[in-house]
Each structure stands twice: as structure tokens, then as C-alpha cells.
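Structure assessment
Here is how the chains run, residue by residue.
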2 protein chains.
Amino acid sequence: MDKKDEALLERFGEHPTPFYYYDGDALYTHVSSLLARLHPAVRVHYALKANGNVALAGLLRSIGCGVEIASAGEMFVAMEAGYAAEDVLYAGPGKTVAELSEAIACGIGCIHVESVRELRQLEDIAAQAGLFVRAAVRINPDNDLSGATIKMGGVPRPFGVDEGQLDHFFKVLEGCPHVYFQGIQVYTGTQMLKADQILASFENTLQLAERVQAQYGVAMHTVNLGGGFGVPYFTHEQPLDMDHVIDGLNALAEQTRSRMPGVTLIIESGRYLVAQSGMYVCRALYTKESKGEKFVVADGGMNHYAAATFRGRRIRDNYPVRIMRRQAGEQEEREVEATLRMGQRNASAQAAVAVEQSLGEVASQIGGLPAEASMELETVSIVGPLCTPEDCIVKKAQLPPIHEGDYIAFPNAGAYGLSYSPLHFLGHATPAELLDFRGEVHVIREHGNRTDLLHHQRMIPLPEDVM
Amino acid sequence: MDKKDEALLERFGEHPTPFYYYDGDALYTHVSSLLARLHPAVRVHYALKANGNVALAGLLRSIGCGVEIASAGEMFVAMEAGYAAEDVLYAGPGKTVAELSEAIACGIGCIHVESVRELRQLEDIAAQAGLFVRAAVRINPDNDLSGATIKMGGVPRPFGVDEGQLDHFFKVLEGCPHVYFQGIQVYTGTQMLKADQILASFENTLQLAERVQAQYGVAMHTVNLGGGFGVPYFTHEQPLDMDHVIDGLNALAEQTRSRMPGVTLIIESGRYLVAQSGMYVCRALYTKESKGEKFVVADGGMNHYAAATFRGRRIRDNYPVRIMRRQAGEQEEREVEATLRMGQRNASAQAAVAVEQSLGEVASQIGGLPAEASMELETVSIVGPLCTPEDCIVKKAQLPPIHEGDYIAFPNAGAYGLSYSPLHFLGHATPAELLDFRGEVHVIREHGNRTDLLHHQRMIPLPEDVM
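Below or above, wherever it landed, is the structure these notes cover. (Residues numbered from 1 in each chain as written. Chains lettered and ligands numbered in written order. Predicted model: local features only at pLDDT ≥ 70, side-chain atom pairs only at ≥ 80, totals over all residues. Heavy atoms only, no water.)

Observations regarding the overall build of chain A
Across its full length, chain A holds twelve helices and 21 strands. Across the 467 residues in chain A, those meeting the buried criterion constitute 63%. (Helix = DSSP H or I, 4+ residues; strand = E, 2+ residues; numbered from the N terminus. Buried < 20%, exposed > 50% of the residue type's maximum accessible area, 1.4 Å probe, protein only.)

Put into C-alpha cells, the structure is as follows:
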């Protein structure tokens, strides 16, 4: 997202915070240019888990993506977003019989089978319904070439069928006449930032596909290479070299077509498609000092954007944050942007220098904003409104002074933002979602309200003696 | 909760998993016996953030608790649960003007003011509405005697007014004729398990109250001592000695009444009141092996009970888990219970012994079930249905063999369970909540459904050229 602060504040208009803001035009350009550059044998499926907004999912469909779902609930959202059933892939280690039955009845594009047990269930369900089902086998390969930090395969995992169990799988498949075998899927890791590792993993999967085809005599209609394309969140992370990934992937597609004519290569992607065109936006309610430390209390926090807190993070860096101020009665704003490392317990001169450097880095990374190195910075923590020390979304960062009413925006929040957060914790309204597309800011999710908390709940009559 | 497996399975009946199950009778006994033992000057307020179920909150009201809320949304739930406005306390570092206005208009019992800024806002709002508001000041004391792991005060925090800023606070208060000063509140920490530390913290708060009364000439109607009564989750934790806490608290109340006649001491408690009477219950969908490790895939996981995962935990122990099996066509069950430490990467003989010991410990702790030390244990991880390695709710624990359909229950899940979890992540239905009270199992929250995912969402018309 490369809109400057002034432009952003104009787009935010009078929409009350907190909200997620998506730059639909940036998303459109980003995804359509990716699709345009891919070999015709490569298809991209949007992993709906990254962001379950129906309008965003619809936009990605209209650009030309298929979709990948992980539950019957996500199937429903995908249908509402206008996806054809045959463009839907269904993965997940814990599909229930009810979910499988429904997917089969819908004529789903492909089910990624994650165990021999599930294969048998598919056959039983399809046979009983008098239907057929397209299925691929998710394989947990023997080797792990991905170098991924968050490994999905190559190590003991609940996902897929071990490569060493394939003999058994294909033997059982022979007795499953209602299952149309489509091919294999391998998903080795997520949030990968090294192009060579991704390509090595893809190549490994394609070799595995050839071995499976040769060894078990099954035709390979699709080879699902997984995805895992990462986005940089921190200044110490280098963006993924997508030119290199695309060139390498296209070359692999060309080779593969000559050896497995008619095969389609599938890429699944959630984070890479949507993360960078979204931001979480809240506002400063109060500023305060406690025992020598400065705090800004914002109107949203971990309840809406849990990923910005430090829960479970290996590297406890702060996410980059943008502070924007709207002057009363005029459109003058300050452009300030900063990203800071946690742990600068005392703002030393050295830390300040590092901060200015990272200001420069991030500024150039997300849109060429000038680093205002001359501006006085102060050490501040930004917390949300919850009554827990966990609700800290920026910890002891060097930032320009924040005033009440300032917008506090977290870029790169388009993926694993709202859907990943404990929305009802402490009972605040769920955030809105705004999609800025072709000149109009659409409210694609309205702010929640307090009756949401009572949805599906029921009082009980209390016995008289209790009353 | 001390129901045996057989009794529990009978109560679960045909309710589909996953669900939260609350033993309302145990809750009633637990809370009413606590209240009965407290000095008449002590009042207990239920911290609704621990569990926002309206029926549970109603039950606690009927037993005699007040309530403590942290948002306008929670105020709404409290009202629906039948609390009188004057029995509601409102705390939180980020209250908005809209929320404060509403609370004042309702005639709320007391607002805990967390900054001088908020005090001024209260006065402005009340004056403008021609109303009066009862308020207490939340103080972040100079010293920290609590020894709490999760500190809420005594250190730099966004919560409350530093003790060193009280001069300024009370000076401003003099110019706030619409604010009726009630007293002070100090909340130093949560999940405390040492009685002496809790009592030292209470005593410290009472001394602070006397100093404030003397120094600023304000009458002290309430002294809110906070809470933080912990519950043991792991075998290495000793339960809080509540006899000692109650005796000490009652003695403090008696002394305080002589020095500040008419004062009410307030205890806030969420976790201690409700945690131990709730359990999260899911079932095994599949069992599988991957590269030599055993996995059980359950029908629920981090999306419903995030606390059982290892996110952000300092001590990465597994929570205790109960495995229960219902035999087809009969009511014969196996009683098995186990708690295990994480990190037993290889099941060694030593680990097995430790396991049997903790089996015994936990068994006696939650209900006297016999440890079946003779049963063969195996190393297994239990995962939920989500497509992420994060969705691991039991990691490499020593457990008896788990079969498909077995119930997997996490005791002590009555607090910070459902409300703390990213319910919509990957689109599975939200869990039900069952309240077992006086012979009837009430559905106090129905299972969610897929339309929940689209609640408040809107599609946008996509431009023709995009279609």
C-alpha cells in the first residue's frame, strides 16, 4: 500500500475507528499482475483462512483466482463470494463426515485427502450418495527443502500422508471407484522469504509427482505446490524476490508440461495476496505516563489485531506503525512512520540512530515517505483498551509524540488480522472493514454491536430458592 | 468439578461436540460457600471478562455477586443477566466518551477512573447531562507486594493513576462537583497462588486508603482490593490456600471497619469463581501417525480454547486433559485421566514414572479418580482441525491410547476459554455452552453456524471490466 498519509486520511473520512482498511486498487494491481506473469499451466488459489471477508474474496475471484477452504463454513463464504464449486479446493486435517458430505454434494473441485482413513470416508460417502468426488493426496514428504520457519511438512505433522505411507494409500485407492484421483499436494511451510528455497521445494514436489505417477500408474491432473510466499513484517526481513520465484516457477511449469501433458500446477496463497493491501487502524484515546514510562491507550488492540501483540512470537519485534494526525478543520497532516525493535528499555543514543535508520528503511519499503529524522522521538508503548498487560500492540518504541485523536495504523495487516483475533474478548464492538476500490470506500463489514455478544446465548430460569 | 467420567458422559448425552460444559451445582456451592464465609463488609464482584455467558453471569448474580465490567458491551450483558446498575463496577484503561456517557446515564454503581483525563471527562459528561456519577480512583501503587507473575500494578502500566500523581488527581477532583468520590481501587496482579502475598497486597491497599482519606480529606465508601485469586493449572502449582486468604481478609475487614466505619471492601474475581467448574470438551476425529509420532485430530482446538495452546506461555506445560470413552450401546466407560509435561520428546521410563505420579496428583486434585498406572501409555499430540501447526492443544504427552470418538476434555476451562479464542479462525462453528444445574443440562449458548461468518459483512458490486 503506497498511499501517503494525506490521501489515506481523506479516504478514512468520518468512518469511526477501529477498522481494517483495504486498498482494493493496490490489491487488484498486485494480484492481477502476478496472475498475468504466470505460465498458463499455473493456477492460483486464494487461501480464504488469511482473510474471510466475502467482498475481498469476491474481488480475488473476479481477478481470476480459485479459492482454497478449510471448513464447511469457509465453503459457505466462498459460495457467497461467487466461486464456482469446481474452483474450490478443500484442505484440513480434521474434516468431519458432515463437512465431507456437503462438499461432495456441492461438486467441489478437489478435496485434499490427509489420511487413508479420510480416503475411505470419501469413498463411503460418495458411494452412498451415488456421486463421484475429485480428490488429491496431501503428502508429507520425506525431505524438507523449504527452510521454512513454520514447517507444515518434512517433519512429523498431523497434515497429510507421509511419503512412506503412499504404498498403502494407493492400494486403498484402488478400491475407491467413486474417488477420481487428481494428483498430489505438498505444503511445506508458510511465510517463506527465500526464493531459492521455495523453488527447491516446488521442484522436489514435481519430482515426487513424477515418481508417484510412474510408481502407482495414476494420471496426474494437478500438482499442488502449496505456497508459503511470505511478506516482510520487520526491517530485518528481506522481501521475497518474486521475479525469481515467477521465472523459476514458469520454467518448472514448461518442463512439467512436456513430461506430464495437461497437468495444472496449483499455487495456494493467502498472506502474500492480501497482507500488504490491508491495514488495521485505531486512534489514540488517551496518553499517559506511569512511573516514567509513556503510554498511549488506543481504541483497539489485541481483540482486533492479535498478531500485533507478542504472543507466541519468536522474534519479539514491534510491527511497523504509522502515526497520522488530522488537524482540526484542515487537511494538514504530519507524515511520520516508524518501526522499532522491542527491548529498547532505555532509549539510548545508539537506539535512536537505529530507529532513524529503520524509519528510512520502512519508509522506502512501503511508499517512499521521507524519514523525518529531525523530529523529536520519544519512547512510548501503545496499548489497547483491554484490562490486561497482554493488550500491548507497540512496546517501548521510539515514536514521534502521539496526541489524542491521532490515527495509529498497522500496515501489512490484510492477512491473519481480524479472523485471527479474539473479537469478543472484553466485549468491545468488532471492527469494521473498509474496501477502497475504484474511487469508492465500501463498508464491507459493519462495526459490530453489543447484541453480537449475546448471539446464540440463552438465559436460564433460575430456581426460586436461588433467586 | 468432581464428577466422574461415567456421570459426565451421561450429562453430555447426545450434545454434539465441541462444547463448554459447566457444572452449575459445583459453581453454586463454590461461590455461595465463599460468600458465606466472608465478613459482611466484604462484597465480591464477578469480573465478566473471565466468561461472558449471560446465564453464568445470572447465576452468579443470584448467588449474591456484583459484577465488574470493562466495556459498554459487557454492561449490556450484565444488564441482560439481571444485575442492577448500582451493582456494576466499570474499569478499563480505554473507556470512550460514548461508553462513559452510557454508564452515567444508566446510574452505574461505580466507575474506576484510570487517569486525570478521564476524571475530567466524567465531570464534563455528568454536568452536561445534569447527572451525578459515583467514581473511584484506580491507583498504581509505588510498591509491589503481590509477587504476581502477571503484574497489573507496582510497575509502569497503562492502568490507573500512579500513587505519585494523586496530589494532582485530588486537586482536579475538587473541581468536579458531579463526581461522587467513592474510594480507591488497586489491582496488583492476577493468577496469584500465594495467600500471604495476596494479603500483604490487600493490607498495603488498606493502608493506602487510610493515607488517602487522611491526606486529601475524602470519605472512603469503598476500598476495592482487586483480586487475582489464582487457580492451579499445572501439577507443579499449589492451589491457593483460601482458608488463609479468607481468615486474613476477614480480620482486615474487622480492623478497617473500626477505622473507616461504613466502608465496604470489594473483591473482584473472575478466574477463581468460574475456572474450575468449566471444561472444554471435544472429540477425537482421527488418529494418525507421521514419521514415528502419533497424532490425534480433534474436532476443536485453538479456535475454541486458545489458552490450551502454547502461545505466549512462559511455562510450556500441557494443560491437564481427561480422555473419556463411551462404549457403543452401553454406558461402560473407561476412566482415564492424565496430565503431562511437555518436552518429553522421547517417552523414557523416567517420563513414564513422572506421568504416573502426575496422574495420581491430578486425579486426587480434581476428584479422586484412581490413576490406572497399569495402563499402557503412549506419546501422543492432540491437534485441532485447523491447518496450522499452532493448533496443538496437547503436545507429546503420555496418554492412554485414544480412539476415534473418544471425548477429550480440558478441566479448569471455565475462565478465559471461549471469550479468549479466535472463534472464527478457519470458519468452524462456534462451540456450544452447556450449564448443568439442578438436574437439567441447559444449552446456554447454541452452536454457531456458518451464517455467523457473514454477520455484518457485505458484498460489493464488482465493476463490469473486473467481472
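We are not done yet, so read on.
Quick word on empty space enclosed by the protein
Scanning all chains against the criterion turns up nine cavities of 30 Å³ or more. In this structure, the largest cavity occupies an estimated 340 Å³ of space. What lines the largest cavity is a set of 23 residues, and nearest its centre among them are His424 and Asp452 of chain A together with His424, Asp452 and His455 of chain B. Grouping the amino acids of the lining of the largest cavity by side-chain chemistry returns eight nonpolar, eleven polar and four charged. The space that makes up the second largest cavity amounts to roughly 220 Å³. Around the second largest cavity, the lining is made up of 24 residues, and of these His424 of chain A together with Gly52, Asn53, Ser419 and Arg445 of chain B lie nearest the centre. Looking at the lining of the second largest cavity, its residues break down into eleven nonpolar, nine polar and four charged. (1 Å grid on protein atoms, 1.4 Å probe; cavity = no way out; pocket = protein on both sides within 12 Å on 5 of 7 lines; lining within 4 Å. Points joined across faces, edges and corners; volume = space filled by probe spheres on them. Nonpolar A, V, L, I, M, F, W, Y, C, P; charged D, E, K, R; others polar.)

A few points about the nonpolar core
In this structure, Tyr46 and Ile184 of chain A are the most contacted members of the largest nonpolar core, which totals 135 residues. With eight residues, the single largest contributor to this core is helix H8 (residues 195-216) of chain A. Sequence-distant contacts of tyrosine 46 of chain A, defined by excluding residues within four places in its chain, comprise Asn51, Ala57, Leu60, Cys65, Gly66, Val67, Glu68, Tyr83, Ser269, Gly270, Leu273 and Val274 of chain A. Grouped together as the second largest cluster of nonpolar side chains are 134 residues, Ala55, Ile104, Leu166 and Ala284 of chain B included. (Core = buried A, V, L, I, M, F, W, Y, C linked by side-chain atoms within 4.5 Å. Contact = heavy atoms within 4.5 Å.)

Comments concerning the packing of helix H6 (residues 116-129) of chain A against helix H7 (residues 166-174) of chain A
All names here are of chain A. Here H6 crosses H7 at 10°, and the two axes come no closer than 10 Å. Taken together, the axis directions place H6 and H7 in an arrangement best described as roughly parallel. For the pair formed by H6 and H7, the contact residues are Val116, Leu119 and Arg120 on the first element and His168, Phe169, Val172 and Leu173 on the second. The residue makeup of the contact of H6 with H7, split by class, is five nonpolar, one polar and one charged. (Axes fitted to C-alpha atoms, helices over the stretch in contact; angles between N-to-C directions. Parallel < 35°, antiparallel > 145°, perpendicular 65-115°, else oblique.)

A word on the interface of chain B and chain A
Contacts between chain B and chain A engage 108 residues on the former and 108 residues on the latter. In total, about 9,000 Å² of surface goes out of reach between chain B and chain A, with carbon and sulfur atoms giving 59% of it. For chain B, the biggest contributors to the area lost against chain A are Tyr286, Lys291 and His456 of chain B; these three give 9% of the whole. Inspection of the chain B/chain A interface yields eight salt bridges. The salt bridge involving arginine 450 of chain B is made with glutamate 102 of chain A; its shortest N-O contact spans 2.3 Å. Connecting chain B to chain A are 50 residue pairs in polar contact (both at pLDDT 80 or more). Here the side of chain B that touches chain A is built from residues that sort into 46 nonpolar, 33 polar and 29 charged. (Buried area = accessible area lost by both parts, 1.4 Å probe. Salt bridge = Lys/Arg side-chain N within 4 Å of Asp/Glu carboxyl O. Polar contact = N/O pair within 3.5 Å; in protein donor to acceptor, adjacent residues only side chain to side chain.)

Thoughts on the pairing of strand S1 (residues 19-23) of chain B
Residue and element names in this part refer to chain B. Burial of S1 is extensive: five of the five residues sit out of reach of the surface. Residues Phe19, Tyr21 and Asp23 of S1 are buried on one face, and the alternating residues Tyr20 and Tyr22, pointing to the opposite face, are buried as well. Note: S1 against strand S20 (residues 432-437), five bridges, orientation parallel. Bridging from a neighbouring strand, tyrosine 21 pairs with leucine 434 of S20. (Pairing = 2+ DSSP bridges.)

Some details on the relation of the copies chain B and chain A
For the pair chain B and chain A, the superposition axis carries a translation of 0.0 Å, the fit reaches an RMSD of 0.0 Å, and the rotation angle comes to 180°. The transformation relating the two chain copies, once decomposed into turn and shift, fits a two-fold axis. A shared interface surface links the copies, since 100% of the contact residues of chain B are contact residues in chain A too. (Least-squares fit on C-alpha atoms with pLDDT ≥ 70 in both.)

Examining the packing of aromatic side chains
All names here are of chain A. Summed over all chains, the structure comprises 44 aromatic pairs over all chains. Ring centres 6.1 Å apart and planes at 90° place the aromatic pair tyrosine 20 and tyrosine 305 in the edge-to-face group. Linking tyrosine 20 in strand S1 (residues 19-23) with tyrosine 305 in the loop between strand S14 (293-298) and strand S15 (321-324), this pair joins segments that are 285 residues apart in sequence. For the pair tyrosine 20 and tyrosine 305, one class covers both residues: buried. Ring geometry for phenylalanine 170 against tyrosine 216: centres 4.4 Å apart, planes inclined by 15°, an arrangement best described as stacked. Of this pair, phenylalanine 170 sits in helix H7 while tyrosine 216 sits in helix H8, and the two are 46 residues apart along the sequence. The partly exposed category is assigned to tyrosine 216, whose relative accessible area is 23%. Members of the aromatic cluster, joined through ring pairs, are Tyr20, Tyr22, Tyr233, Phe234, Tyr280, Tyr305, Tyr319 and Phe410. (Phe/Tyr/Trp six-rings, centres within 6.5 Å; stacked < 30°, edge-to-face > 60°.)

Observations regarding the environment of isoleucine 402 of chain B
All names here are of chain B. Among the secondary structure elements, isoleucine 402 is positioned in the loop between strand S18 (392-399) and strand S19 (407-410). Sequence-wise, isoleucine 402 and phenylalanine 295 are 107 residues apart; in three dimensions their C-alpha atoms are separated by 9.5 Å. Setting aside anything within four residues of it in sequence, one finds isoleucine 402 in contact with Ala284, Thr287, Val296, Ile323, Arg325, Glu378 and Ile382.

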